[in-house]
Amino acid sequence: MSYWFLFSNGKLLLPRKGGCYSILTHDTLPYTVNGMVHEVGKYENAICKAAEIADSSTVYTVSTDNTEDGLIWVGLRESYDLINVELHRLAGRGSELIFWDKNTRYCPVCGTPTKVNTVISKKCPNCGNEIFPQLSPAILVMIHKGEQILLVHARTFTRPFHGLVAGFVEPGETLEQCVAREVREETTLKINNIRYFGSQPWPYPSNLMIGFTADYVSGDIQFADNELTDGEFYSRDNLPMIPQKLSLARKMIDSWLESFEEVK
Ligand SMILES: [Zn+2]
């Protein structure tokens, strides 16, 4: 028996029984898949596989509007609230590998159809070019000013919450240089004491988020490059809406809030 993380149009197929959600288990898959079947790890000693279903209309699903037992399609982000953290991590890995497979059918050097080489590499049979899954690293930074932190709203946020200053790492840049540059470009603030917090895969579609903390040194916030629409230093007792629990930004904010509990 294997666990099957099955996707279609970015949505994950989950069986629902008695209001509880799980991952499909099958010995052999009863659906046709599109592209590679990826082994994404083990869960409770069973192999976990991920694939994209070729035709989602071949899957009989029930309505998401009621609590009827059956199969439903759920967005990968939304599935965080329905399945446990480890299953969600495996689903994210599957989603990233499916994205990679779909976007590397042809060699980017010579245009020849690629061949699967290993579970995470392909090779061009014409020019020998090897293709691995590519990640886009992005930093997040929580800037402390006394007992306050900087929370910002970016133009790209689709919901009305405030999060952390963030940005993609550029070629030739260290993570710490990226942190300093993003803060300078987006807010004009001067910071120091840049320290690593932690990291998290962000499979939307293939990012790696790397979190840092830093201390405010000087300056007034100016939204210099127009990426932010709002931002100020907040105390723990007047926080705006903050990001969902799924995100690294939220874990960093929660960790800061917990640090006050420890002092008590
Ligand atoms: Zn080639």
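Residues numbered from 1 in each chain as written. Predicted model: local features only at pLDDT ≥ 70, side-chain atom pairs only at ≥ 80, totals over all residues. Heavy atoms only, no water.

Draft legend 1. The arrangement of the packing of aromatic side chains in detail. What the rule picks out here adds up to 6 aromatic pairs. Both rings, one in W202 and one in Y204, keep their centres 4.7 Å apart while their planes meet at 75°; by these two values the pair is edge-to-face. Ring centres 5.6 Å apart and planes at 75° place the aromatic pair Y216 and F233 in the edge-to-face group. Pair noted here: Y216 is in strand β15 (residues 207-218) and F233 is in strand β16 (residues 228-234), with a separation of 17 residues, a long-range link. Judged by its relative accessible area of 21%, Y216 is partly exposed. When its relative accessible area of 11% is taken as the criterion, F233 is described as buried. The cationic tip of R77 hangs over the ring face of Y204; the distance from NZ or CZ to the ring centre is 4.4 Å. (Phe/Tyr/Trp six-rings, centres within 6.5 Å; stacked < 30°, edge-to-face > 60°. Helix = DSSP H or I, 4+ residues; strand = E, 2+ residues; numbered from the N terminus. Buried < 20%, exposed > 50% of the residue type's maximum accessible area, 1.4 Å probe, protein only. Lys NZ or Arg CZ within 6 Å of the ring centre and 35° of its normal.)

Draft legend 2. How the structure looks around the coordination of the zinc ion. Surrounding the zinc ion are the protein donor atoms C107 (SG), C110 (SG), C124 (SG) and C127 (SG), at 2.3 to 2.4 Å. Seen from the zinc ion, its 4 donor atoms lie at angles of 99 to 120°, and the figure they make is tetrahedral. Binding-site remark: the zinc ion is held by donors from one chain whose sequence spacing is C-x2-C-x13-C-x2-C. Of this pair, C110 sits in the loop between α2 (85-102) and β8 (115-118) while C127 sits in the loop between β9 (121-123) and β10 (130-131), and the two are 17 residues apart along the sequence. With a relative accessible area of 35%, C110 lands in the partly exposed category. (Donors = N, O, S within 2.8 Å, 3.2 Å for Na, K, Ca; no water. Tetrahedral: all angles 85-135°; square planar, octahedral: opposite > 155°, others 65-115°.)

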